[in-house]
Amino acid sequence: MYLEQIELQNFKNYASLSLHFTPGIQALVGENGSGKTNLLDAIHYLSLTKSAFNPIDQQNIRHHEGYFTIKGVFKRENSPETVFCGYEKARKKIIRHNELTYEKVSQHIGRFPVVMIAPQDQDLILEGSEARRRFFDSVIAQIDAEYLQNLLHYQYYLQQRNALLKTYYEQRQWDEDLCQTYDAGMLHFGQKIYARRQHFLQDFQPFFQSQYQQLAGQKESPQLSYHSDFGQTDIAQAFIKAREADQRLQRTTVGIHRDDFIFQLESYPLKKFGSQGQQKSYLLALKLAQFAIVRQELALKPILLLDDIFDKLDDARMQALVEMVSQQTFGQIFLTDARPERSLSVLAALNTEKQMFFIQQGKLNKTQIF
Amino acid sequence: MQVFASKLIENAVQEIAKLPGIGSKTALRLVLHLLKQNETTTLALTEALRRLRQDIQYCRHCHFIADAPECSICLARHRDRSLVCVVESPQDVMAVENTAQYQGLYHVLGGVISPMAGVSPSDLKIDTLVERVQKSECKEVIFALSPTMEGDTTTFYITKKLRDFPLKISTIARGVPIGSELEYADEITLGRSILTRTSYE
Ligand SMILES: Nc1ncnc2c1ncn2[C@@H]1O[C@H](COP(=O)(O)OP(=O)(O)O)[C@@H](O)[C@H]1O
Ligand SMILES: [Mg+2]
Ligand SMILES: [Zn+2]
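Residues numbered from 1 in each chain as written. Chains lettered and ligands numbered in written order. Predicted model: local features only at pLDDT ≥ 70, side-chain atom pairs only at ≥ 80, totals over all residues.

Some remarks on the interface of chain B and chain A
Taken residue by residue, the interface counts 13 residues in chain B and twelve residues in chain A. Partitioning the side of chain B that touches chain A into residue classes produces seven nonpolar, three polar and three charged. (Contact = placed C-beta atoms within 7 Å. Nonpolar A, V, L, I, M, F, W, Y, C, P; charged D, E, K, R; others polar.)

And the structure:
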């Protein structure tokens, strides 16, 4: 599976753009601010029906315009499949596959998987638990269509329950039966999500460990663990116990919406004790393990999106990655670089089909095959 | 903004255009139509609307629309008083009535529970339902709410309130629409239809 063609209208800084790709390496080069990352984001959008960076679609429309469209033609075993994403101000976004509109986006997620490696990945280490949940949720959703559905249901009960807690705070009338109704919904879907996350991490672990070892050598051992309120023996009781705190704080303080994934090196928190290099290895290993597990579960190679990868990686890690490319580990690769000559020299040695696109202020300047 | 020759026409158009599904163009057409008819046509209409608004009542048992304190369904002798079908709105009563398949009574809740939308159980006719099934000959409560998360929550909540009474609780079946093709049915509906399959007669 690879992306053969993309057409953009009013997406971020692109007024109108149409590009053709080959199954190999696609290097997007151009000055900072020219639109390289935006193009990767458009591909991300086709895969996951949302931007990797900005969840507010209104802001993904080109300034002063009223809508954007992204159209992609993917090739799977030689037959073309089109994906259309369109968003108009104050309207519901439209996702179509071969001219058919989906009823639920969960039907689309996983059909055209991508893995993106970007400077923003460091948020996974630096930010709170939400960033980590979002990452693992998006990986699991790509390989399990029901998972996203369960998350949406859980989210619904959580929001209603929080609204109930707010009304209580304002009106001082407590409806225990209604709270238990929402508890039941959260427990039902929370249990499923908990089991899936746990199971996923077990499958993910060996991929992650081996990727890390490849990047960093045998020197140190990284740990990745999962923590959830649902790990307690009596989670239903925990919901009841938290009633008073919930009422006081006007939000639900127990549940899988507070789960965290813990990153450690030799039992110490990665964020505080990991060196720059170790943190980079950890993040890259997470992403490469994502690639490996999606590839195994869906039996196809995700499209790899590498944003400013040469700025981020040192020579040793770069070498490991180039090695993987030359061993045909990956399928189609999109990468961005502000310095074309650097990309040319790194990629020249690779015996793969390669194209370079020179981007300037949201327009294609020229294409070069090398 | 459209320019009207007369302030009277403008007022009438504005009022009619407030109705759902009617824009100012259609409203103007209706107004001009009324003016072409005899005066009595318009007066009959306004009188009917006035009486509708002032005289309409809601049944004190089931909260369906009525001309008297009790609705025609609750008053009808032949209806099966052991069955109460719980619905969201008067339209839903009419929809079920149109099937001519149901002979029991109804209970109109007036909505579904959603704290996010500002609808709490006390805004709905839930207390009267609980009271009613206790005091009446009701043996079975049938939930016919929308198959949404709000509808399901409301069913679950009311069922909790009814758990101490010797009642049969049921919900209407959810399945593949008649005349549609199986392959186009959504997974959830199809999955549920398989799980709640009925024996073939
Ligand atoms: N909605 C938008 N409308 C117009 N321009 C936008 C929009 N969103 C981002 N941009 C512009 O896109 C440019 C950044 O593009 P980006 O893809 O990040 O560049 P780079 O080539 O450095 O990766 C910025 O100049 C920014 O102003
Ligand atoms: Mg960039
Ligand atoms: Zn009645």
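Things to note about the nonpolar core
Counting 118 residues, the largest nonpolar core has Ala42, Ile43, Ala285, Leu305 and Phe334 of chain A together with Val86 and Tyr106 of chain B as its most contacted members. In terms of residue count, helix α5 (residues 176-216) of chain A provides more of this core than any other element does, twelve residues in total. Non-local contacts of Leu305 of chain A, meaning those with residues more than four positions away in its chain, are made with Leu40, Ile43, His44, Val114, Val115, Met116 and Phe334 of chain A. (Core = buried A, V, L, I, M, F, W, Y, C linked by C-beta atoms within 7 Å. Buried ≥ 20, exposed ≤ 12 C-beta atoms within 10 Å, placed from the backbone. Helix = DSSP H or I, 4+ residues; strand = E, 2+ residues; numbered from the N terminus.)

Quick notes on the domain arrangement of chain A
Residue and element names in this part refer to chain A. What the domain assignment reports for chain A is domain 1 (1-113 + 301-370) and domain 2 (127-299). Here domain 1 and domain 2 have C-alpha centroids that lie 29 Å from each other. The interface is formed by 14 residues belonging to domain 1 together with 17 residues belonging to domain 2. Of the residues belonging to the side of domain 1 that touches domain 2, the class tally is seven nonpolar, three polar and four charged. (Domains from an automatic or database assignment.)

With respect to the site of ligand 1
Residues and elements named next belong to chain A. The local shell around ligand 1 holds 16 residues, among which Lys12, Asn13, Lys36, Thr37 and Asn38 are the closest. Residue contributions to the shell around ligand 1 peak at three residues, all from helix α1 (residues 36-48). For the shell around ligand 1, the class distribution of residues is one nonpolar, twelve polar and three charged. (Near = placed C-beta within 6 Å.)

A short note on the pairing of strand β1 (residues 2-11) of chain A
Consecutive side chains along a regular strand alternate between the two faces of the sheet. Residue and element names in this part refer to chain A. Sheet topology places β1 next to strand β4 (residues 67-76); seven bridges connect them, and they run antiparallel. Opposite Leu3, over in β4, you have Phe74 as the bridge partner. When β1 meets strand β2 (residues 14-20), the two strands line up antiparallel, connected through six bridges. Bridge pairing in β2 links Gln9 to Ser16. Where β1 folds back onto β2 in an antiparallel hairpin, the turn is made up of two residues, including Lys12, whose phi is positive at roughly 45 degrees. (Pairing = 2+ DSSP bridges.)

Focus on the sheet that holds strand β6 (residues 168-171) of chain B
All names here are of chain B. With parallel pairing, four strands are arranged side by side in an open sheet as β4-β3-β5-β6. Bordering the open sheet on either side are β4 (104-108) and β6, each of which pairs with just one other strand. Put simply, the sheet's adjacent strands are angled 25 degrees from each other on average, direction ignored. Pairing analysis gives four bridges linking strand β3 (residues 80-87) to strand β5 (residues 140-143), with the strands arranged parallel. In the strand pairing of β5, Val84 is matched with Val141. (Axes fitted to C-alpha atoms, helices over the stretch in contact; angles between N-to-C directions.)

Concerning the packing of helix α3 (residues 129-143) of chain A against helix α9 (residues 276-298) of chain A
Residue and element names in this part refer to chain A. At a minimum axis distance of 9 Å, the contact between α3 and α9 shows a crossing angle of 20 degrees. In this view, α3 runs roughly parallel relative to α9, as classed from their interaxial angle. Two packed elements cross with a definite hand, and for α3 against α9 that hand is right-handed. Here Val139, Gln142 and Ile143 of α3 come into contact with α9, specifically with Gln290, Val294, Glu297 and Leu298. Per-class residue counts for the contact of α3 with α9 are four nonpolar, two polar and one charged. (Parallel < 35°, antiparallel > 145°, perpendicular 65-115°, else oblique. Left-handed = near helix turned anticlockwise from the far one by under 90°.)

Examining the packing of α5 of chain A against helix α7 (residues 149-162) of chain B
Here α5 of chain A crosses α7 of chain B at 130 degrees, and the two axes come no closer than 10 Å. By the angle between their axes, α5 of chain A is oblique relative to α7 of chain B. For the element pair α5 of chain A and α7 of chain B, the recorded crossing hand is right-handed. From α5 of chain A, Asp177, Leu178, Thr181 and Ala184 of chain A reach across to α7 of chain B, where they touch Thr153, Phe156, Tyr157, Lys160 and Lys161 of chain B. Residues of the contact of α5 of chain A with α7 of chain B, tallied by class, amount to four nonpolar, two polar and three charged.

Here's the deal with the pairing of strand β15 (residues 363-369) of chain A
Residue and element names in this part refer to chain A. Along β15, only zero of the seven residues are buried, which leaves the element largely exposed. The pairing of strand β14 (residues 354-360) with β15 spans six bridges and is antiparallel. In the strand pairing of β15, Ile359 is matched with Leu364.

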